[in-house]
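Now for the letters of each chain:
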Amino acid sequence: MPLDADALEPDLRDVHDLAVRLAREAAKIQRERYETDLDIRTKGTSIDLVTEVDRACEALIVGEIERLRPDDAILAEEGGGHDRDGAEWRWVIDPLDGTTNYAHGFPRFCVSIGVERHGERIVAAVLDPLLDELFLAVKGQGAFVGERRLHVSSEPDLGNALVATGFAYDVRRSREDNVAEFARVLKGARGLRRDGSAALDLCYVAAGRLDAYWEQKLHAWDVAAGILIVEEAGGRVSNMQGGPPPSSGKQIVASNALLHDAILERLGG
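Residues numbered from 1 in each chain as written. Predicted model: local features only at pLDDT ≥ 70, side-chain atom pairs only at ≥ 80, totals over all residues. Heavy atoms only, no water.

Student: I'd love a proper account of the overall build of the protein, names of residues and values included.
Tutor: Helices and strands together make up the secondary structure of the protein, namely 7 helices and 14 strands. Since a compact globule built from 269 residues should have a radius of gyration of about 18 Å, the 18 Å found for the protein is in line with a globular shape. Overall, the protein is about 50 × 45 × 35 Å in size when its C-alpha atoms are taken along their principal axes. Counting across all 269 residues of the protein, residues that qualify as buried make up 55%. Counting only contacts in the protein whose residues sit at least 6 apart along the sequence, the fraction spanning at least 24 positions is 62%. Of the roughly 11800 Å² of accessible surface on the protein, 48% is carried by carbon and sulfur atoms. Each charge sign in the protein was given a centre, from 32 positive and 47 negative side chains, and these centres are 4 Å apart. (Helix = DSSP H or I, 4+ residues; strand = E, 2+ residues; numbered from the N terminus. Rg over C-alpha atoms; globule rule 2.2 N^0.38 Å. Buried < 20%, exposed > 50% of the residue type's maximum accessible area, 1.4 Å probe, protein only. Contact = heavy atoms within 4.5 Å. Areas by Shrake-Rupley, 256 points an atom, 1.4 Å probe, with all protein chains shown as cover. Lys, Arg positive; Asp, Glu negative; His and termini not counted. Charge placed at Lys NZ, Arg CZ, Asp CG, Glu CD.)

Student: I'd like a rundown of the nonpolar core, residues and numbers included.
Tutor: Counting residues in hydrophobic clusters, the biggest one holds 38 residues, and the most contacted among them are I61, I65, W91, I93, I113 and V123. Looking at this core, the elements with two or more residues in it are α1 (10–33), α2 (52–68), β3 (73–76), β4 (89–97), β5 (110–117), β6 (120–128) and β7 (133–138). Once residues within four sequence positions are removed from consideration, I93 is found in contact with I61, V62, I65, I74, L75, A76, E77, S112 and W221. Within the second largest apolar cluster, 32 residues are counted, among which are F135, L202, A207 and L228. (Core = buried A, V, L, I, M, F, W, Y, C linked by side-chain atoms within 4.5 Å.)

Student: How would you explain the pattern of salt bridges if you had to name every residue and give the values?
Tutor: Inspection of the entire model under this criterion finds 18 salt bridges. Where R21 meets E25, a salt bridge forms, and the shortest distance between an N and an O atom there is 3.0 Å. Linking R21 with E25, this pair stays in helix α1, spanning 4 residues, or about one helical turn. The structure contains a network of salt bridges with shared partners spanning R21, E25, E64 and R67. (Salt bridge = Lys/Arg side-chain N within 4 Å of Asp/Glu carboxyl O.)

Student: So what's going on with the packing of helix α4 (residues 179–188) against helix α7 (residues 260–267)? Residues and values would help.
Tutor: As a packed pair, α4 and α7 sit with axes 8 Å apart at the nearest point and diverge in direction by 135°. Taken as axis vectors, α4 and α7 run oblique relative to one another. Seen from α4, the contacting residues are E181, R184, V185, K187 and G188; seen from α7, they are I263, R266 and L267. Its residues assigned to classes, the contact of α4 with α7 shows 3 nonpolar, 1 polar and 4 charged. (Axes fitted to C-alpha atoms, helices over the stretch in contact; angles between N-to-C directions. Parallel < 35°, antiparallel > 145°, perpendicular 65-115°, else oblique. Nonpolar A, V, L, I, M, F, W, Y, C, P; charged D, E, K, R; others polar.)

Student: So, the packing of helix α5 (residues 198–206) against helix α6 (residues 220–232): which residues are in play, and what are the values?
Tutor: As a packed pair, α5 and α6 sit with axes 8 Å apart at the nearest point and diverge in direction by 0°. If you check the angle between α5 and α6, you find them roughly parallel. Where α5 abuts α6, its residues A198, A199, L202, C203, V205 and A206 lie against D222, V223, G226, I227, I229 and V230. Classifying every residue of the contact of α5 with α6 by side-chain character gives 10 nonpolar, 1 polar and 1 charged.

Student: Describe the pairing of strand β12 (residues 212–216), listing the residues and the values that go with them.
Tutor: Among the 5 residues of β12, 5 are classified as buried, and the element is accordingly described as predominantly covered. As paired elements, strand β10 (residues 162–164) and β12 share 2 bridges and run parallel to each other. Within β12, the position partnered with A164 by the bridge is Y213. Alignment of β12 against strand β14 (residues 251–255), held across 5 bridges, turns out to be antiparallel. The residue bridging Q216 from the neighbouring strand is Q251, located in β14. (Pairing = 2+ DSSP bridges.)

Student: So what about a negative patch on the surface? Which residues, and what values?
Tutor: A cluster of like negative charges, contributed by D4, D6, D14 and D17, occupies part of the molecular surface. Mapped onto the elements of the fold, D6 is located in the segment before α1. (Patch = residues over 30% accessible without salt bridge, like charges linked within 9 Å, V, L, I, M, F, W, Y side chains within 5 Å.)

Student: Go over the packing of aromatic side chains with me, naming the residues and quoting the values.
Tutor: Under the definition given, this model contains 5 aromatic pairs. Look at Y34 and F109: their rings are 5.3 Å apart centre to centre, the planes differ by 45°, and that puts the pair in the tilted class. Here Y34, found in the loop between α1 and β1 (40–42), pairs with F109, found in the loop between α3 (99–104) and β5; they are 75 residues apart in sequence, far enough to count as distant. F109 gets classed as buried once you look at its relative accessible area, which sits at 1%. Pairing F135 with Y204 gives two aromatic rings, centres 6.3 Å apart and planes at 50°, and the pair type is tilted. (Phe/Tyr/Trp six-rings, centres within 6.5 Å; stacked < 30°, edge-to-face > 60°.)

What follows is the structure in structure tokens.
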């Protein structure tokens, strides 16, 4: 059974429906421009990219939220919107998660929209444009992809687990580069992947396609939707010490819960 949006209270249903519509409209832009000539620029480092597709998707999403819900706060990766204090609703948007993949024609990217109410994660929508997979969650209502309810894997043994991670944009110059952690988990897991989209990695943990995922130095827009989707699918999300995951995305460890302590032990050395 898919998530029954009609059963939600009216304001929550409106937010859910708008998140889904905006994810689909941004995904359409990404499909249309995929593997075409792009205007690719760098941000903080030579490996931190932005394209006109990032900006077009963000302008679409932010513009519609501001038009329809002018009192809501908006935090978006490329700087659109107004992240105001005291707003009941807050939208946290990554208009194109996996920009480097997109710029290279590597088919691993998505739209990610997370919505908070009074600071609590309550709605999540992540859409993979090429597979047309829409991952959805509403607090207390479960997580879904299409009409299928999601549930994390039941694998209890790290040696049989498929795990994913990523590397920050400062990997070339920072000593906190995730390389030692990568090596330790690699030696203990069945397989280790680095795919380049934090939002999709979190969704794949929720779907049981990955058993665990960790990363450092992410941002709020990378994780706002994915954390809720994992939790609503029965998984566990924490920082690297086992405490609550920071909404900033600075540290995140997500798993099927059964493997969580083993992953934390590996990451801690």
